[in-house]
Each structure stands twice: as C-alpha cells, then as structure tokens.
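Residues per chain are reported as follows:
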Amino acid sequence: QVQLVESGGGSVQAGASLRLSCAASGYTDRNACMGWFRQVSGKEREGVAAINRGGRGTRYYADSVKGRFTISTDNSKNTLYLQMNSLKPDDTAMYYCAALGASGICGGVPPARTFAYWGQGTQVTVSS
C-alpha cells in the first residue's frame, strides 16, 4: 500500500518561509513524477510544482509560485519537499503531495486527475 504523509504546514505571516515534507512509503518507483498541489474549500485543486525523480530531476512550477517555491526530493529517504519562501496570503490552502504511478514523467505541472496517490494534506495559512 502506498502512503504519503505531509508535514510542515502552519500559520505564518506574509513574507515568512515554510518547508513542507512528504514521506512516502510503499512507493518504490524512484523515476516517477511527484508533485505538490493546493486546494481551498470550494475551489479546484491546483498544481503547484512537480519533479521528475529520475534522471536529472527536471522541475516545474506554477506561474503563481515560480521564483518563490522550490520542489526537491531526497530519494534515499523517499521524501518530497516544498520550500516556500516569501509567502503571501494567496498561498493559504491545504497542501497535498501526490505521485504518479507506472514511472510516469512530467513535462510540466500535470492536472490533479493524473496522479494516482495522495497524502492527507497539511494546512498552510498566511496572514497579512
């Protein structure tokens, strides 16, 4: 069974930084794409960032977070990270990590429907 567990969320003021972590278990495909998504109640889940874990580790970002957020992996620990800097109130959301199956690769930030596995989410709240 694949399990993804997010941590690192919290309540911060605008301009602060947070690092989210996603610990994966039962997921041994180290070449597949993984990503971070966020969702506000009543709105569609949107892609934030994605990374191809194999090869050169190509990374992709939504325009809204480009230059502020960094996605990375520690494949030896099977852990995904999202470093979030210069946080804005608009970043407030529940953040989820997700993984593709079957060695899927990303050529951008894919839509949420393409991801097979999801974590439970971690809340990020940014106050002005």
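Residues numbered from 1 in each chain as written. Predicted model: local features only at pLDDT ≥ 70, side-chain atom pairs only at ≥ 80, totals over all residues. Heavy atoms only, no water.

**Notes on the overall build of the chain**
- Across its full length, the chain holds 0 helices and 11 strands.
- When the helices and strands of the chain are listed from N to C terminus, the series reads β-β-β-β-β-β-β-β-β-β-β.
- Along the longest, intermediate and shortest principal axes, the C-alpha atoms of the chain span 40 × 30 × 25 Å.
- By the burial criterion, 45% of the 128 residues in the chain qualify as buried.
- In the chain, 60% of the contacts between residues at least 6 apart in sequence involve partners at least 24 apart.
- Per element, the accessible surface of the chain, about 6400 Å² overall, is 45% carbon and sulfur.
- When the 13 positive and 8 negative side-chain charges of the chain are each reduced to one mean point, those points stand 5 Å apart. (Helix = DSSP H or I, 4+ residues; strand = E, 2+ residues; numbered from the N terminus. Buried < 20%, exposed > 50% of the residue type's maximum accessible area, 1.4 Å probe, protein only. Contact = heavy atoms within 4.5 Å. Areas by Shrake-Rupley, 256 points an atom, 1.4 Å probe, with all protein chains shown as cover. Lys, Arg positive; Asp, Glu negative; His and termini not counted. Charge placed at Lys NZ, Arg CZ, Asp CG, Glu CD.)

**Observations concerning the nonpolar core**
- One finds Trp 36, Leu 82, Met 84 and Tyr 95 to be the most contacted residues of the largest nonpolar core, which totals 26 residues.
- At the level of secondary structure, the elements contributing two or more residues to this core comprise strand S3 (18-25), strand S4 (33-39), strand S5 (46-52), strand S7 (69-74), strand S8 (79-84), strand S9 (93-99) and strand S11 (122-127).
- Setting aside residues up to four positions removed in sequence, Leu 82 forms contacts with Leu 18, Arg 19, Leu 20, Trp 36, Val 48, Ala 49, Phe 69, Thr 70, Ile 71 and Tyr 95. (Core = buried A, V, L, I, M, F, W, Y, C linked by side-chain atoms within 4.5 Å.)

**Observations regarding the pattern of salt bridges**
- As enumerated under the stated definition, the model contains 4 salt bridges in all.
- Salt-bridge contacts for Asp 91 lead to Arg 38; the nearest nitrogen and oxygen are separated by 2.9 Å. Taken together, the positions of Asp 91 in the loop between S8 and S9 and Arg 38 in strand S4 put the pair 53 residues apart, joining distant regions of the chain. For the pair formed by Asp 91 and Arg 38, the shared burial category is buried.
- Between Arg 68 and Asp 91 there is a salt bridge; the shortest N-O distance is 2.8 Å. Taken as a pair, Arg 68 in the loop between strand S6 (59-61) and S7 and Asp 91 in the loop between S8 and S9 lie far apart in primary sequence, 23 residues in all. (Salt bridge = Lys/Arg side-chain N within 4 Å of Asp/Glu carboxyl O.)

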